[in-house]
Amino acid sequence: MTNRYDYHTHTAFSDDCDVPMKEMIEEAIRCGLTELAITDHYDPGYQDPEFPFAPDFEAYHKALLEAERQYADRITIVKGMEVGIMESQLDECRRAVRDFPYDFIIGSFHCIHGKDLFRYDYSQVDGPAFIEEYYTNVNECLKEYMDYDIAGHLTLVDRYIGTIYDYTPYMDILEDTLKTIIYHGKGLEINTSSFKYGTGIWLPREEILRLYRELGGEILTFGSDSHMPKYFRDHFDEAKELARSLGFRYECTFRQHKPEFHKL
Ligand SMILES: [Zn+2]
Ligand SMILES: [Zn+2]
């Protein structure tokens, strides 16, 4: 059987998703997926009361273990979490990640200095300065924080800021961040949700993926960031084509935080 993975998906344990875990899994089986990483949100310190992004961990862990067992003969369930990293919450992120035998952790930056990118008022913002601050923050956090397996949608700020800026001024800091990611044995994902949001740019940007590969980065996952089953593996063929064209040879899956390499 051909391997068909999706390594970034959400269920109703995420505050921004209404689809129960069972329904997501059953749709994934119907779509022919062979492996599904369920990576619900935990964003400690997130300020929006409407979206606290704090799951009921006991229920989440139980549901993951039950799903893994119940569907074992039809699909591999990868027990994951997407942790929102914030400089004031690093210890809490570590605690949450170590609290359960997860297979796979996506480390994401949805906020900058405690304010979320989604609701930020960009009309008052100096775009280039904001981007520089975002990547400086990512860089500083990832020097200290290692409880993740891949960095999620590394150039997420592109989605929200409303302008596609030239990244030349930020390439040094991004290069340093990519070196840190590689040095710590972590990886990147290609997050195909950029198609759904219509930004017209890869996530992360192609130039970042290229640089990651040139620096020796090999650990790469593909994630749709689905909050609805219809987006499973959305645009994965194009994403894989891009990865191959940039010199990537493998797609990774994870068990207990250890990458397994599969020929692309
Ligand atoms: Zn995310
Ligand atoms: Zn996500």
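Residues numbered from 1 in each chain as written. Chains lettered and ligands numbered in written order. Predicted model: local features only at pLDDT ≥ 70, side-chain atom pairs only at ≥ 80, totals over all residues.

**Student:** Before we go on, may I ask you to explain the overall build of the protein in this structure?
**Tutor:** The helix and strand tally for the protein stands at nine helices and 11 strands. Relative to a compact globule of 264 residues, whose C-alpha radius of gyration would be 18 Å, the protein shows 17 Å and is just as compact. If one aligns the C-alpha atoms of the protein with their principal axes, the spans along those axes are about 50 × 45 × 35 Å. Across the 264 residues that make up the protein, the buried fraction comes to 41%. (Helix = DSSP H or I, 4+ residues; strand = E, 2+ residues; numbered from the N terminus. Rg over C-alpha atoms; globule rule 2.2 N^0.38 Å. Buried ≥ 20, exposed ≤ 12 C-beta atoms within 10 Å, placed from the backbone.)

**Student:** Can you help me understand the sheet that holds strand S4 (residues 104-108) in this one?
**Tutor:** Within the open sheet, the seven strands sit side by side as S1-S2-S3-S4-S7-S8-S9. Their pairing is parallel. Two strands close off the open sheet at either side, each with one partner strand: strand S1 (5-9) and strand S9 (220-223). With two bridges connecting them, S4 and strand S7 (residues 150-151) associate as parallel partners. Within S7, the position partnered with glycine 107 by the bridge is alanine 151. Where helix H2 (residues 57-70) meets the sheet, its contacts fall on strand S2 (35-42) and strand S3 (76-84), and the angle it forms with S3 comes to roughly 155°. Along the sheet, helix H3 (residues 90-98) makes contact with S2, S3 and S4, crossing S3 at roughly 170°. (Pairing = 2+ DSSP bridges. Contact = placed C-beta atoms within 7 Å. Axes fitted to C-alpha atoms, helices over the stretch in contact; angles between N-to-C directions.)

**Student:** Hey, could you run me through the packing of helix H4 (residues 127-144) against helix H6 (residues 171-183) in this one?
**Tutor:** Their axes nearest at 9 Å, the elements H4 and H6 cross at an angle of 25°. As summarised for this structure, H4 and H6 are arranged roughly parallel, according to the angle between their axes. Considering only the axes of H4 and H6, their crossing is left-handed. Within the contact between the two elements, H4 uses Tyr135, Thr136, Val138, Asn139, Leu142 and Lys143 and H6 uses Ile173, Leu174, Asp176, Thr177, Thr180 and Ile181. For the contact of H4 with H6, a count of residues per class yields six nonpolar, four polar and two charged. (Parallel < 35°, antiparallel > 145°, perpendicular 65-115°, else oblique. Left-handed = near helix turned anticlockwise from the far one by under 90°. Nonpolar A, V, L, I, M, F, W, Y, C, P; charged D, E, K, R; others polar.)

**Student:** What is the right way to look at helix H1 (residues 21-30) in this model?
**Tutor:** Along an α-helix, a turn takes 3.6 residues, which lines up residues three or four apart on a common side. Residues of H1 that are buried: Met21, Met24, Ile25 and Ala28. Looking down the long axis of H1, one finds its buried residues gathered within 95° of arc, a one-sided arrangement. The inward-facing, buried residues of H1 abut S1, S2, H2 and S3. Glycine 32 sits one or two positions beyond H1 and adopts a positive phi of about 85°. (Arc of directions from axis to C-beta.)

**Student:** Would you mind showing me how to read the pairing of S3 here?
**Tutor:** For a regular strand, the rule is simple: side chains alternate between the two faces of the sheet. With respect to burial, S3 is a largely interior element, eight of its nine residues being buried. For the crossover from S2 across H2 to S3, the handedness is right-handed. The pairing of S3 with S4 spans five bridges and is parallel. If you follow valine 83 over to S4, its bridge partner there is glycine 107. (Right-handed = clockwise from strand over helix to strand, strands pointing away.)

**Student:** What is the right way to read the nonpolar core from this model?
**Tutor:** Nonpolar side chains in soluble globular proteins tend to end up buried together. Counting residues in hydrophobic clusters, the biggest one holds 66 residues, and the most contacted among them are Ile25, Leu36, Ile77, Val83 and Ile105. Those residues within four positions of isoleucine 25 in sequence are excluded, and the remaining contacts are Leu36, Ala67, Tyr71, Ile75 and Ile77. (Core = buried A, V, L, I, M, F, W, Y, C linked by C-beta atoms within 7 Å.)

**Student:** Explain unusual backbone geometry here, please?
**Tutor:** Note: most residues except glycine have negative phi, and most peptide bonds are trans. Cis rather than trans, the peptide bond between leucine 203 and proline 204 has omega equal to -5°. Within the secondary structure, proline 204 sits in the loop between helix H7 (193-197) and helix H8 (206-214). Notably, histidine 235 is not glycine yet its phi reads approximately 60°, a positive angle. Overall, histidine 235 belongs to the partly exposed group, with 19 C-beta atoms counted inside 10 Å.

**Student:** Explain the environment of glutamate 207 to me, please; I cannot follow it from the model alone.
**Tutor:** Secondary-structure assignment places glutamate 207 in helix H8. Classification of glutamate 207 as partly exposed rests on a count of 15 C-beta atoms within 10 Å.

**Student:** Teacher, can you tell me more about the environment of cysteine 141 here?
**Tutor:** Position of cysteine 141 among the secondary structure elements: in helix H4. A tally of 19 C-beta atoms within 10 Å means that cysteine 141 is categorised as partly exposed. Every residue in contact with cysteine 141, bar those within four places of it in the chain, is listed here: Ile85, Glu87 and Leu90.

**Student:** Would you mind going over the pairing of S2 with me for this structure?
**Tutor:** For S2, the tally of buried residues reaches seven of eight residues, placing the bulk of the element in the interior. Relative to S2, S1 is paired through three bridges, and the arrangement is parallel. Its bridge partner being in S2, tyrosine 5 is matched across the sheet by glutamate 35. Relative to S3, S2 is paired through eight bridges, and the arrangement is parallel. Note that in S3 the partner of threonine 39 across the bridge is glycine 80.

Shape descriptors only; they carry no functional weight alone.
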